[in-house]
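Descriptive structure summary
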Amino acid sequence: MKKIRFVICSAVIIVLAACIVFTGCTSTQSARSSDQTIPSTLTTTSPSQGPTIIPATTAVSLAQTAAPAPTISTTTIPMNDPLHVTLNSAEKKTSFGIGTGKPGRVMLILDITLQNTDKNKDFVYTDNSFVLSYASINDSMTSITSQFAKNPGLINPLISGTVPSGSQEEGKIVFGVNETSNSYKLSVVDSTGSVLSTIDTINVP
């Protein structure tokens, strides 16, 4: 009987121990399972999507605009006239190399050709031989080319010299004009002030 009781007690102890072990394993697995089932929450902050701003671009034109050619209207010159003057080009400048015009004034540069058709007499010229007048008002001026004679920006100035009989000479003359003016008349005169040749209308915008 003692052996039977001992066996029964031992069996009961074993069963109880097994139950305790099984219960502990189950609780541990449950804890692990619960830990695994809790999702880790990752909060990602995305930048707010505002309206897309496109930077404004400024279109820059690199095309160079050519200055309009001057309008030239010459008077009818008789064939026996001793001097012919031809305007090759005309332009305005506010500064000229190292020289700068006075306030409200600009420099008018005329490139001309003088042709002396007189068979017996040379044509002698100075600054005073070239007279410019405004088309809109009764005002005139002589050239100031000699003031810019040594300026490196003025090529081949007609300062003073002689156009021999039957020959021609080309060069530039300079006038100081009002910056708002744009229409002029050019006269070439001799030493006595007599007009030898005229260009009636020179338009320089």
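Residues numbered from 1 in each chain as written. Predicted model: local features only at pLDDT ≥ 70, side-chain atom pairs only at ≥ 80, totals over all residues. Heavy atoms only, no water.

Remarks on the pairing of strand 5 (residues 105-116)
Counting buried positions along strand 5 gives ten out of twelve residues, so the element sits mostly inside the fold. Taken together, the ten bridges between strand 2 (residues 83-93) and strand 5 define a ladder with antiparallel strand orientation. In the sheet register, Ser89 faces strand 5, and the bridge partner there is Asp111. When strand 5 meets strand 10 (residues 168-178), the two strands line up antiparallel, connected through eleven bridges. Residue Thr113 lies in a different strand from strand 10, and its bridge partner there is Glu170. (Buried < 20%, exposed > 50% of the residue type's maximum accessible area, 1.4 Å probe, protein only. Helix = DSSP H or I, 4+ residues; strand = E, 2+ residues; numbered from the N terminus. Pairing = 2+ DSSP bridges.)

Regarding the nonpolar core
Of all hydrophobic cores here, the largest spans 27 residues; its most connected members are Leu110, Ile112, Leu114, Phe130 and Leu186. Of all the secondary structure elements, the ones that give two or more residues to this core are strand 2, strand 5, strand 6 (123-125), strand 7 (130-134), strand 10, strand 11 (183-189) and strand 12 (195-203). Per element, the largest residue contribution to this core is five residues, and it comes from strand 5. Each residue touching Phe130, except ones within four places of it in the same chain, is listed here: Ile112, Leu114, Tyr125, Met141, Thr142, Ser143, Leu158, Ile173, Phe175, Leu186, Ser187 and Val188. Residues Met107, Ile109, Leu154 and Val174 belong to the second largest nonpolar core, which totals five residues. (Core = buried A, V, L, I, M, F, W, Y, C linked by side-chain atoms within 4.5 Å. Contact = heavy atoms within 4.5 Å.)

Regarding the environment of Ser89
Among the secondary structure elements, Ser89 is positioned in strand 2. Remark: the alpha-carbon pair of Ser89 and Asp111, spanning 22 residues in sequence, is separated by 5.2 Å. If we skip the residues at most four places from it in the chain, Ser89 touches Ile109, Leu110 and Asp111.

Some words on the sheet that holds strand 10
Strand order in the open sheet made by the three strands is 2-5-10, with antiparallel pairing throughout. With one partner strand each, in any of the chains shown, strand 2 and strand 10 form the two edges of the open sheet. The mean angle between the axes of side-by-side strands here comes to 25 degrees, regardless of whether they run parallel or antiparallel. (Axes fitted to C-alpha atoms, helices over the stretch in contact; angles between N-to-C directions.)

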